[in-house]
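Geometric and topological summary
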Amino acid sequence: MQDLFGGENVAVRAGATLLRGRALSLDTLLLAALERIAAEAPFRRMVTPGGFEMSVAMTNCGTVGWVTDRTGYRYDARDPARGLPWPAMPDIFATLAQDAAAEAGFPGFTPDACLINCYEPGARLSLHQDKDEADYGHPVVSVSLGLPATFQFGGLKRGDPTTRVPLSHGDVIVWGGPARLAYHGVLTLKDGEHPVVGRRRLNLTLRKAL
Ligand code: SIN
Ligand code: FE2
């Protein structure tokens, strides 16, 4: 199916839609906003409850941010590394997420949390569910920038078969409804150099957490 922006919408499975190139025309604005956020709340590699340092470096913007440490996973209104609130969510992030969600069939999405992931070559994110949010009635919107990656999208059980979705600079993927609690992850990032973003992949994951 063809959307109003000339991009291609691909159904990954019921409730999950890839909006190919949906963020492409916004990349300069998104990256400038990202740089301001990371200057205020720097990327850091957090520790899982099991004591492992994640290979993906993270920061957040919005009313609350997703964090992990030895005590567990949670949304926190403060950045534990700085003891301060997270940077505000730029309007352009919220608008992009709201528009992308609506195009994927989830009108009225108003994110209050944006997790920002930074993958360097070799980094990966193992299969997991996003389930620290209060209400699974809201979708998740994920925006990819920089080096290409392979997204794994599975079912509601960890062992369910997964679909491999190649994600490139500017791609947006939205999942909600019957796919809201689907297992997903990112395969090990291959080395490369992106002309705009450099030797890394940046990902925005926008959610309504509260
Ligand atoms: C996530 O699952 O939180 C991030 C997915 C991605 O980096 O594409
Ligand atoms: Fe996730």
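In this report, we go over the structure that sits alongside the text.

**Section: the overall build of the protein chain**
- A count of helical and extended segments in the protein chain gives two helices and 15 strands.
- The C-alpha atoms of the protein chain give 16 Å as radius of gyration, which agrees with the globular expectation for 210 residues (17 Å, within 12%).
- Along the first, second and third principal axes, the C-alpha atoms of the protein chain reach 45 × 35 × 35 Å.
- A separation threshold of at least 6 residues defines the contact pool for the protein chain, and within that pool the share at least 24 residues apart is 72%.
- Summing over all exposed atoms, the protein chain offers an accessible surface of approximately 9500 Å²; the carbon and sulfur share of this is 55%.
- When the 22 positive and 22 negative side-chain charges of the protein chain are each reduced to one mean point, those points stand 6 Å apart.

**Regarding the layout of surface pockets**
- Roughly 600 Å³ of volume is contained in the largest pocket.
- Around the largest pocket, the lining is made up of 33 residues, and of these Met54, Trp66, Leu125, Ser126 and His128 lie nearest the centre.
- Where the lining of the largest pocket is concerned, the elements lending two or more residues are strand S5 (72-76), strand S8 (113-119), strand S9 (125-128), strand S14 (184-186) and strand S15 (201-207).
- Across the lining of the largest pocket, the residue classes break down as 14 nonpolar, 10 polar and nine charged.

**Some thoughts on the environment of Val12**
- Turning to its location among the elements, Val12 is positioned in strand S1 (residues 8-13).
- Between the C-alpha atom of Val12 and that of Val174, which follows or precedes it by 162 residues, the distance is 9.6 Å.
- Not counting residues up to four positions away in its chain, the partners in contact with Val12 are Thr17, Leu18, Phe153, Val165 and Ile173.

**Overview of the sheet that holds strand S2 (residues 16-20)**
- Pairing in this open sheet of seven strands is antiparallel, and the strands run S1-S2-S13-S10-S15-S8-S3 from one edge to the other. On the outer flanks of this sheet lie S1 and strand S3 (57-62), each paired with one strand and no other. Averaged over all neighbouring strand pairs, the angle between strand axes comes to 20 degrees, with direction disregarded.
- Two elements, S1 and S2, share five bridges in a ladder whose sense is antiparallel. Paired with Glu8 across the two strands is Arg20, which belongs to S2.
- Taken strand by strand, helix H1 (residues 27-40) contacts S3, S8, strand S10 (140-146) and S15, and its axis lies near 95 degrees from that of S10.

**As for the packing of H1 against helix H2 (residues 91-103)**
- H2 packs onto H1 with a crossing angle of 130 degrees between their chain directions and a minimal axis gap of 9 Å. Taken together, the axes of H1 and H2 lie oblique to each other. Here Leu29, Leu30, Ala33, Leu34 and Ile37 of H1 come into contact with H2, specifically with Ile92, Phe93 and Leu96.
- Residues of the contact of H1 with H2, tallied by class, amount to eight nonpolar, no polar and no charged.

**Focus on the site of ligand 1**
- Neighbouring ligand 1 are Asn117, Tyr119, Leu125, His128, Ser142, Phe151, His184, Val186, Arg201, Asn203, Thr205 and Arg207.
- His128 is positioned with one of its side-chain polar atoms (N or O) 3.1 Å from an oxygen atom of ligand 1.
- His184 is positioned such that a nitrogen or oxygen atom in its side chain is 3.0 Å from an oxygen atom of ligand 1.
- Of all the secondary structure elements, the ones that give two or more residues to the shell around ligand 1 are S8, S9, S14 and S15.
- The element that contributes the greatest number of residues to the shell around ligand 1 is S15, accounting for four residues.
- By residue class, the composition of the shell around ligand 1 is four nonpolar, six polar and two charged.

What counts and how
Residues numbered from 1 in each chain as written. Chains lettered and ligands numbered in written order. Predicted model: local features only at pLDDT ≥ 70, side-chain atom pairs only at ≥ 80, totals over all residues. Heavy atoms only, no water. Helix = DSSP H or I, 4+ residues; strand = E, 2+ residues; numbered from the N terminus. Rg over C-alpha atoms; globule rule 2.2 N^0.38 Å. Contact = heavy atoms within 4.5 Å. Areas by Shrake-Rupley, 256 points an atom, 1.4 Å probe, with all protein chains shown as cover. Lys, Arg positive; Asp, Glu negative; His and termini not counted. Charge placed at Lys NZ, Arg CZ, Asp CG, Glu CD. 1 Å grid on protein atoms, 1.4 Å probe; cavity = no way out; pocket = protein on both sides within 12 Å on 5 of 7 lines; lining within 4 Å. Points joined across faces, edges and corners; volume = space filled by probe spheres on them. Nonpolar A, V, L, I, M, F, W, Y, C, P; charged D, E, K, R; others polar. Pairing = 2+ DSSP bridges. Axes fitted to C-alpha atoms, helices over the stretch in contact; angles between N-to-C directions. Parallel < 35°, antiparallel > 145°, perpendicular 65-115°, else oblique. Near = heavy atom within 4 Å. Polar contact = N/O pair within 3.5 Å; in protein donor to acceptor, adjacent residues only side chain to side chain.

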